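# Descriptive analysis of the structure
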Amino acid sequence: MIILKAKPVIEKRRAELIAKVQNLSAQGKRVPHLSVVLVGNDPASQIYVSKKETTASLVGFTHESIRFPSDVNPELVRLKVQELNQNPAVDGILIQRPLPAQFQESEVSLWVHPEKDVDCLHPENIGLLVTGNPRFSPCTPGGIMLLLDHYEIAVQGKVVCVIGRSAIVGKPLAALLLLRNATVIQIHRATQNPAELCRLADVICVAAGSRGLVQESWVKPGAVIVDVGIHRTAEGKITGDVDVNSVATLPSAMSPVPGGVGPMTIQVLLENTFTSALRKR
Ligand code: NAD
């Protein structure tokens, strides 16, 4: 079985990105700048933001994190984002999710200017994606496509089962797969006979947030599995949405957790920020 590790993909793409940033610097041009907005003290969000900061530095971007307490009035955050929208030295803005209950997701996704929306969550960018002319790549789904491309797994004409329909993973992933001419089956909580449907798939992408959901009976022999799920066990181990022992040697390729889709997401975020910086010149 081929293990779809992020490491070689990241090493190659990061080196390319570093070279492009150095090239900008050599020409005396400003390097890309990423602004991250973090509200509250969610421990997982703190880790994700610090990973984004470290990686942005590593590729030579400038960056800043703007932190607010968990009980902040959303209007204060909106005004700050508006200021970042108007600042020509800012190329990409990301509002770290989840947000506290006083924030309305449908409103927040309108705050970041679509041209700086490197997380690809603004309805205008979702519309461009669905109509086949994406401005940015949605980060996690885009990372999945980079992973599949690196290991030369084509989806054209294949049956791909996407498990999950969230705004950040399932829905934009289905849109990207359709752009690549895959036949997409989308499974969600209300789906009847999910295992039977999933067993039709040549490629399974699971983003359900349900530990060990995909078992032997869900997998056609030889299928490729991409596991997006992230769970921390009581012993502190990180696992995914696939029951790895149950599917055993059935798949022809499978992404590991950790070390599969996770690191790809930040890579796409940085590539989107670079794209945004170039467009503004
Ligand atoms: P979410 O909770 O917003 O959505 C989960 C989706 O899965 C829903 O559409 C739901 O209908 C479906 N679902 C849940 N249980 C199901 C079941 N038993 N059968 C069929 N469908 C089911 O989750 P999300 O934000 O899309 O995240 C999903 C998982 O991916 C989580 O574990 C999350 O931590 C992980 N994640 C990883 C990355 C990354 O690696 N970079 C990024 C985002 C999310």
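In the neighbourhood of the ligand, 19 residues make up the surrounding shell, with Arg165, Ser166, Arg189, Ile230 and Thr265 lying closest. A distance of 3.4 Å separates an oxygen atom of the ligand from a polar backbone atom of valine 228. Threonine 265 is positioned with one of its side-chain polar atoms (N or O) 2.7 Å from a nitrogen atom of the ligand. When the free accessible area of the ligand is taken as 860 Å², the share hidden by the protein chains comes to 74%. Of the residues forming the shell around the ligand, the biggest block, three residues, is contributed by helix α10 (residues 261-279).

This part covers the layout of surface pockets. For the second largest pocket, the calculated volume is near 310 Å³. When residues of the lining of the second largest pocket are traced back to their parent elements, those giving at least two are β10 (238-239) and α9 (244-247).

A few words on the side chain of aspartate 91. Inspection of the secondary structure assignment puts aspartate 91 in the loop between α3 (74-86) and β4 (92-95). For aspartate 91, a relative accessible area of 0% translates into the label buried. Within the local environment of aspartate 91, its side chain forms a polar contact with the side chain of arginine 30, the two groups lying 3.1 Å apart. There is a polar contact of 2.8 Å between the side chain of aspartate 91 and the backbone nitrogen of histidine 33. With sequence-adjacent residues up to four places away left out, aspartate 91 is seen in contact with Arg30, Val31, Pro32, His33, Glu115, Lys116, Val118, Thr273, Ser276, Ala277 and Lys280.

In this section: the sheet that holds strand β3 (residues 62-68). In space, the three strands of this open sheet follow the order β3-β2-β4, with parallel pairing throughout. Looking at which strands have only one partner, the edges of the open sheet turn out to be β3 and β4. Here the average twist between neighbouring strands, direction ignored, is 15 degrees. One ladder, built from seven bridges, connects strand β2 (residues 33-39) with β3; its direction is parallel.

Under the domain assignment, the protein is made up of domain 1 (28-116) and domain 2 (139-262). For domain 1 versus domain 2, the distance between C-alpha centres works out to 28 Å.

Here the focus is the state of the cysteines. This structure, assessed with the given rule, holds zero disulfides. Cysteine 120 forms no disulfide, and the closest cysteine sulfur to it belongs to cysteine 139, at a distance of 7.5 Å. Cysteine 120 gets classed as buried once you look at its relative accessible area, which sits at 2%. There is no disulfide at cysteine 198, and the cysteine sulfur nearest it, in cysteine 161, is 4.0 Å away. Taking relative accessible area as the criterion, cysteine 198 reaches 0% and is therefore assigned buried.

Applying the stated criterion to the full structure yields eleven salt bridges. Across the pair glutamate 124 and arginine 135 runs a salt bridge whose closest N-O atoms are separated by 2.9 Å. In this pair, glutamate 124 sits in helix α5 (residues 123-130) while arginine 135 sits in the loop between α5 and α6 (139-150), placing the two residues eleven residues apart along the sequence. Taking the relative accessible area as the measure of exposure, glutamate 124 reaches 38% and is therefore partly exposed. Of the charged contacts in the structure, one is a salt bridge between aspartate 202 and lysine 220, with a shortest N-O distance of 2.8 Å.

Moving on, we get to helix α2 (residues 43-58). For α2, built from 16 residues, the straight-helix expectation of 22 Å at 1.5 Å per residue is met to within 8% by its first-to-last C-alpha distance of 23 Å. All of the buried residues in α2 are Ser45, Val49, Lys52, Glu53, Thr55 and Ala56. Elements that come into contact with the buried residues of α2 comprise α1 (7-26), β2, β3, β4 and α10. Note on α2: the residue one or two positions beyond its end, glycine 60, has a positive phi of about 95 degrees.

Analysis parameters
Residues numbered from 1 in each chain as written. Predicted model: local features only at pLDDT ≥ 70, side-chain atom pairs only at ≥ 80, totals over all residues. Heavy atoms only, no water. Near = heavy atom within 4 Å. Polar contact = N/O pair within 3.5 Å; in protein donor to acceptor, adjacent residues only side chain to side chain. Areas by Shrake-Rupley, 256 points an atom, 1.4 Å probe, with all protein chains shown as cover. Helix = DSSP H or I, 4+ residues; strand = E, 2+ residues; numbered from the N terminus. 1 Å grid on protein atoms, 1.4 Å probe; cavity = no way out; pocket = protein on both sides within 12 Å on 5 of 7 lines; lining within 4 Å. Points joined across faces, edges and corners; volume = space filled by probe spheres on them. Buried < 20%, exposed > 50% of the residue type's maximum accessible area, 1.4 Å probe, protein only. Contact = heavy atoms within 4.5 Å. Pairing = 2+ DSSP bridges. Axes fitted to C-alpha atoms, helices over the stretch in contact; angles between N-to-C directions. Domains from an automatic or database assignment. Disulfide = S-S within 2.5 Å. Salt bridge = Lys/Arg side-chain N within 4 Å of Asp/Glu carboxyl O. Expected span 1.5 Å × (residues − 1).

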